[in-house]
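Here's the letter readout for the chains.
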Amino acid sequence: MWSSNVSTGAELSISAIPASQLAQDFGTPAFIMDEADFYARACTWSSALNNAFGSNAGNVYYAAKAFICVEVARWIKDIGIGIDVCTGGELAVALKGGIDPSKIELHGNNKSVAEINKAVASGVGTIVIDSLFEIDRVAEAATKNGLVQKVLLRLTPGIEAHTHESIATAHEDVKFGFSIASGAAWKAIEQVRTHASLELRGFHAHIGSQILETESFEISAQRLIALLAKYRDEFSAELPELDLGGGYGIAYLPGENNLDPELVMNTLAEVVTSACANQKLAVPRVSIEPGRAIVGPTMFTLYEVGTTKDVVLENGSTRRYISVDGGMSDNLRPALYEAQYTAVLANRSSSAKKISSRVVGKHCETGDIVIREIDLQSDIAPGDLLATPATGAYGRSMATNYNHVPRPPVIAVKDGKARVILRRETEADLLGLDI
Ligand SMILES: Cc1ncc(COP(=O)(O)O)c(C=O)c1O
């Protein structure tokens, strides 16, 4: 839940810097990011993939959508893993951070022609094709640039992953990819093969996000391998790559656990090896795309309490509303898919009795709820700080300017030093768009 350099003692601190110091120096709300923890998690996923798959290990492509800024792109480059981007904007940040284009993979169910052209011209390693239209668009861009573009086909293996409906992505009735079951995938394979400017490297599937069991990943891998075998049978050639996507779940609440990288990778390596042996296929190069599992636990959000009020409920009990200075603009996930978080009093310890509370934001929406149900100390008052752990993934990256609230900064902390890596938006930034 908390990153490794956070201490939740009397006053919450990260790398020995107290929360109150961070609030004073950088203001609130703010995303506080544990730089060493990010490096460690990225390296752990990379070693887990390499140890499990050995010479068949492909790349870890960090999923930029979870969170990216230029400084984090520089870290990715330094760590030496790849990156998955799904828009021209994410591609621009990755390139600005100096990531080798050959380690970039471009995704997206509706990439614009301009995005495709930019990716191809930049030398992006792999484009994951998501529709029949896109096959021709990528082929045309490759021809225009005088190169052969490596591509994967995004497939939907027909899996109801155990996660919230909005973040399950591999059942049949979904906007992403080509269905294996309906034959759409086969049609796409045949169409790709008509283009000399495309090199079909293999298949990709991403079954969803925040998945905490390995079974869905195993079934997905087996279905992709069955299609690899069908391809070999039909065309007497084996495709060399599989990308099994991201989606590895993390702990948000006390008592929950992150999905263990070694466990998932070892399980997948066993499944892939035995499925390939059954099909008499060489084991392909296997890549993965973790986003949340790398960046999620590395950040917490620091808020200041502005107001509190007690509400008497129909059953006679009392609920305390604690309003903080952010909300759905910096953490959309509770409103979007009922995601649950926890929080702690961060600027001091308190032995006051804990009472039923709801942490809400400052936006003009009843649904602007950060934490629907939590027991917090009864003496929490305006000026206190609350810290919400595990907000690194899909927090700042999904942040909006709703109600013209400027988006919070990201402060990286390492070895007892804190620095801004993404500055706070200002009213001038917001007004700068008006003509
Ligand atoms: C294609 C693809 N890869 C990887 C990811 C990353 O997922 P996660 O952050 O759950 O690991 C996503 C998330 O939506 C995705 O769509």
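Above this text is the structure in question.
What you see is a predicted model; the values in this text were computed from it and never measured.

Enquirer: Is there a simple way to explain the packing of helix 2 (residues 35-53) against helix 3 (residues 70-79) in this structure?
Expert: When two helices pack together, their arrangement is given by the angle between the helix axes and the distance between those axes. Close contact between helix 2 and helix 3 brings their axes to 11 Å; oriented N to C, the two are set at 45 degrees. In this view, helix 2 runs oblique relative to helix 3, as classed from their interaxial angle. For the pair helix 2 and helix 3, the sense of crossing is right-handed. Seen from helix 2, the contacting residues are Glu35, Phe38, Tyr39, Ala42 and Cys43; seen from helix 3, they are Val72, Trp75, Ile76, Asp78 and Ile79. Among the residues forming the contact of helix 2 with helix 3, the class breakdown is 8 nonpolar, no polar and 2 charged.

Enquirer: I keep staring at the side chain of arginine 319 and nothing clicks. Help me out?
Expert: Locating arginine 319 in the fold gives a position in strand 15 (residues 318-324). When neighbours within four sequence positions are excluded, arginine 319 is seen to be in contact with Lys309, Asp310, Val311, Leu313, Ser356, Ser357, Arg358 and Glu373.

Enquirer: Would you mind showing me how to read the nonpolar core here?
Expert: Side chains of a nonpolar character, in soluble globular proteins, are inclined to be buried together. Of all hydrophobic cores here, the largest spans 109 residues; its most connected members are Tyr62, Val72 and Met265. Residues Leu12, Ile17, Ala19 and Ala346 belong to the second largest nonpolar core, which totals 17 residues.

Enquirer: Whenever I open this one, the layout of surface pockets confuses me. Can you help?
Expert: Empty space among the atoms can be located by rolling a probe the size of a water molecule over them. Of the volumes computed, that of the largest pocket is approximately 900 Å³. Lining the largest pocket we find 43 residues, and of these Lys65, Cys86, Glu90, Tyr394 and Met398 sit closest to its centre. The residue makeup of the lining of the largest pocket, split by class, is 17 nonpolar, 14 polar and 12 charged. Looking at which domains feed residues into the lining of the largest pocket, each of domain 1 (6-29 + 297-431) and domain 2 (35-290) gives three or more.

Parameters and conventions
- Residues numbered from 1 in each chain as written.
- Predicted model: local features only at pLDDT ≥ 70, side-chain atom pairs only at ≥ 80, totals over all residues.
- Heavy atoms only, no water.
- Axes fitted to C-alpha atoms, helices over the stretch in contact; angles between N-to-C directions.
- Helix = DSSP H or I, 4+ residues; strand = E, 2+ residues; numbered from the N terminus.
- Parallel < 35°, antiparallel > 145°, perpendicular 65-115°, else oblique.
- Left-handed = near helix turned anticlockwise from the far one by under 90°.
- Contact = heavy atoms within 4.5 Å.
- Nonpolar A, V, L, I, M, F, W, Y, C, P; charged D, E, K, R; others polar.
- Core = buried A, V, L, I, M, F, W, Y, C linked by side-chain atoms within 4.5 Å.
- Buried < 20%, exposed > 50% of the residue type's maximum accessible area, 1.4 Å probe, protein only.
- 1 Å grid on protein atoms, 1.4 Å probe; cavity = no way out; pocket = protein on both sides within 12 Å on 5 of 7 lines; lining within 4 Å.
- Points joined across faces, edges and corners; volume = space filled by probe spheres on them.
- Domains from an automatic or database assignment.

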